[in-house]
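# Coordinate inspection notes
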Amino acid sequence: MKVETQLPLGKLDPGLRGAPKLDLASVRDGAREIEALGFDGFVTGEIKTDPFIPLALAATTTERIDLTTAVAIAFPRSPTIAAMMAWDLQTLSRGRFILGLGTQVKGHIERRYGIGWAPPVPRLREYIRALRAIWDCWQLGTPLDVRGTYYNLSVMVPLFNPGPIEHPHVPIHVAAINKHICRLVGETCEGIRPHPITTRKFMTEVMLPHVEAGARSAGRTLESFEVAISPLVAVGDDERELADRLRDVRARIAFYASTRTYRAVFETHGWGGLVEELHGLSVQQRWEEMPGHVSDEMVEEIAVVGSWDDVAQKILRRYGDFATRIEFSLPVRKPGDAERLRRVIGDLQAPARR
């Protein structure tokens, strides 16, 4: 299992409260530290900072780690803009870039990004096809000719063509829960990034079978396919510290459970009624009440709860038979934390080394 992380190093899930804005000035040093600690990758999300800029900074100070958008929201960017960002990052990193894409929900697409809504699966299918057509045009000289419902691309004059690069294959990963997107990923992509709310049961009984069905329909194998998980993790040195982490994890589960898009995960476990209950509280802005509706059973099923000594083995027991990557973070604040983190990273990587 490859181990990835975000910056700031040791960034933990913020519960219902806002995550800190990434300090771009610290990215070069932070990425260098990530690499020194033994991580396999640095990932960035589209939260309060553009996800591509930190990776460009990290590419200049690292040699080994993968650099991944996890994730960039696809539809607010034209395929040509996303293709150019990926091409530049693949060049700058000498082949270490992974383009992770997400679709986002209707409310955010329309009211946060200010663009029109369309059915995400056919739109994403065209988007991915357009990306690959643009890259083929630049690398191989293939005439650009994308004709679809959502994207029509046919102009690439020499002035705007960056030309071939040394590492032209850009892996595409897609964030998914919806079974139709899972099928699309199996048909067209190199990896899937399940949402943190997804459980082992939902991944193995719903998501991955649809990925496999999609691959079969396209005549593809999944031999080198990536499953990159980012589970909620609660780890503490003592009961007080663990209680603090569990509070934040419980709040995050409540937030996700209030979003109807994720209802399928909860229904798989017989918790569907909680979604409507929490959705109603969220509409009323009663955020502080919501975590109290999340049971201990839900926390144990969704999150990995443990200590520094056993968290790696718990992760491997739960996900080790299908996950190839994990986004993982623990705080590095006190003397000895860095060495403990190195041990956890090594334990997670160890099965792949044997």
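Our subject in this report is the structure included herewith. (Residues numbered from 1 in each chain as written. Predicted model: local features only at pLDDT ≥ 70, side-chain atom pairs only at ≥ 80, totals over all residues. Heavy atoms only, no water.)

Bringing the overall build of the protein chain into the picture now. Helix and strand content of the protein chain: 13 helices and 13 strands. By the compact-globule yardstick of 20 Å for 354 residues, the protein chain fits well, its C-alpha radius of gyration being 20 Å. C-alpha atoms of the protein chain, sized along the principal axes, occupy 65 × 45 × 40 Å. Considering only intrachain contacts with a sequence separation of at least 6, the fraction spanning at least 24 residues in the protein chain is 72%. Summed over its atoms, the accessible surface of the protein chain is roughly 16000 Å², and 52% of this surface lies on carbon and sulfur atoms. In the protein chain, 45 side chains carry a positive charge and 45 a negative one; their mean positions are 3 Å apart. (Helix = DSSP H or I, 4+ residues; strand = E, 2+ residues; numbered from the N terminus. Rg over C-alpha atoms; globule rule 2.2 N^0.38 Å. Contact = heavy atoms within 4.5 Å. Areas by Shrake-Rupley, 256 points an atom, 1.4 Å probe, with all protein chains shown as cover. Lys, Arg positive; Asp, Glu negative; His and termini not counted. Charge placed at Lys NZ, Arg CZ, Asp CG, Glu CD.)

It is worth spelling out the packing of helix 3 (residues 79–92) against helix 5 (residues 120–140) at this point. Look at helix 3 against helix 5: their axes get within 9 Å of each other, and the N-to-C directions meet at 55°. As judged from the angle between their axes, helix 3 and helix 5 are oblique. The handedness of the crossing between helix 3 and helix 5 comes out as right-handed. For the pair helix 3 and helix 5, contact is made by Pro79, Thr80, Ala82, Ala83, Met84, Ala86 and Trp87 and by Tyr127, Ala130, Leu131, Ile134, Trp135, Trp138 and Gln139, respectively. A class-by-class count of the residues in the contact of helix 3 with helix 5 yields 12 nonpolar, 2 polar and no charged. (Axes fitted to C-alpha atoms, helices over the stretch in contact; angles between N-to-C directions. Parallel < 35°, antiparallel > 145°, perpendicular 65-115°, else oblique. Left-handed = near helix turned anticlockwise from the far one by under 90°. Nonpolar A, V, L, I, M, F, W, Y, C, P; charged D, E, K, R; others polar.)

With omega at 0°, the peptide bond leading from leucine 7 into proline 8 counts as cis. If you trace the backbone, proline 8 turns up in the loop between strand 1 (2–5) and helix 1 (27–37). Cis geometry is adopted by the peptide bond preceding valine 71, which originates at alanine 70 and carries an omega value of 0°. One non-glycine residue with positive phi stands out, namely arginine 94, at about 60°. Assignment of secondary structure puts arginine 94 in the loop between helix 3 and strand 5 (97–102). The partly exposed category is assigned to arginine 94, whose relative accessible area is 42%. (Buried < 20%, exposed > 50% of the residue type's maximum accessible area, 1.4 Å probe, protein only.)

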